[in-house]
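Next come the chains, spelled out residue by residue.
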Amino acid sequence: MALDRIENLIEKYFDAKTTIAEEKELKAYFTSTNVAQHLEQYKPIFGYVYQAKQEQFKATLPLHKPRSNTKSPMTFWLSVAASATVFLGVGLFTYHSFNQPETQNSGEINDPEVAFRETQKALDMISEQVNKGIGSMNYLNEYQQSKNKIFK
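The structure contained in this document is the topic of the report that follows. It should be emphasised that the depicted structure is a prediction, and the values quoted were computed from it without experimental measurement. (Residues numbered from 1 in each chain as written. Predicted model: local features only at pLDDT ≥ 70, side-chain atom pairs only at ≥ 80, totals over all residues. Heavy atoms only, no water.)

1. Looking at the pattern of salt bridges
Then, number 1: Applying the stated criterion to the full structure yields three salt bridges.
Then, number 2: Notably, a salt bridge pairs E22 with K12, separated by 2.9 Å at the nearest N-O pair. Here E22, found in helix α2 (residues 20-31), pairs with K12, found in helix α1 (residues 2-14); they are 10 residues apart in sequence, far enough to count as distant.
Then, number 3: You can call K12 partly exposed: its relative accessible area is 31%.
Then, number 4: Ionic pairing is found between E118 and K121, a salt bridge with its closest N-O pair at 3.5 Å. Here E118 pairs with K121, and both are found in helix α5 (residues 112-150), just three residues apart, close to one helical turn. (Salt bridge = Lys/Arg side-chain N within 4 Å of Asp/Glu carboxyl O. Helix = DSSP H or I, 4+ residues; strand = E, 2+ residues; numbered from the N terminus. Buried < 20%, exposed > 50% of the residue type's maximum accessible area, 1.4 Å probe, protein only.)

2. Side note on unusual backbone geometry
Then, number 1: The backbone of A16 shows a phi angle near 60°, a positive value even though the residue is not glycine.
Then, number 2: By relative accessible area, which is 68% here, A16 ends up exposed.

3. Comments concerning the side chain of E22
Then, number 1: On the basis of relative accessibility, which here comes to 14%, the residue E22 falls in the buried class.
Then, number 2: Those residues within four positions of E22 in sequence are excluded, and the remaining contacts are L9, K12 and K17. (Contact = heavy atoms within 4.5 Å.)

4. Section: the packing of α1 against α2
Then, number 1: Contact geometry of α1 with α2 gives a least axis separation of 10 Å together with a crossing angle of 120°. The orientation of α1 with respect to α2, classified from their angle, is oblique. Two packed elements cross with a definite hand, and for α1 against α2 that hand is left-handed. Residue-level inspection shows L3, R5, I6, L9, I10, K12 and Y13 of α1 in contact with α2, the latter providing E22, E23, E25, L26, Y29 and F30. (Axes fitted to C-alpha atoms, helices over the stretch in contact; angles between N-to-C directions. Parallel < 35°, antiparallel > 145°, perpendicular 65-115°, else oblique. Left-handed = near helix turned anticlockwise from the far one by under 90°.)

5. As for the nonpolar core
Then, number 1: Among the nonpolar cores identified, the biggest contains 10 residues, and these are I6, L9, I10, L26, Y29, F30, V35, A36, L39 and F46.
Then, number 2: Mapped onto this core, the elements with two or more residues apiece are α1 and α2.
Then, number 3: Those residues in contact with L39, other than ones at most four positions away along the chain, are L3, I6, E7, I10, Y29 and F30. (Core = buried A, V, L, I, M, F, W, Y, C linked by side-chain atoms within 4.5 Å.)

Written out as structure tokens, the structure is:
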């Protein structure tokens, strides 16, 4: 009778339907010495839990001394060099940006005829691109017509 109960509990265990009390009963059965021969294969599953609870960490861990806050001379000079490089870079950028003459072209055209010609050039370039796009739309129209003929 007890063997039938254990077999039923094993089935429930693998179906994940056992209670805590039933799992304790299975663990107690499989950690005992009188396990049925055909159930020996399940012994490592339940014996592992018992064995894992018995294990303890007994080694000693070496404690490291906390690091002191004193910096090495190399670290100190490296930070000084990095700070000097950043300061020099910011200074050169500022010097060059404020001391250059204003020779940059802002895109402003004062002559109305030149402005008209430049505007025409820009609109021609845009028109070419729009015409290319419209040309490619013809392929889509042909495709649509063919599709309509096929799928009537």
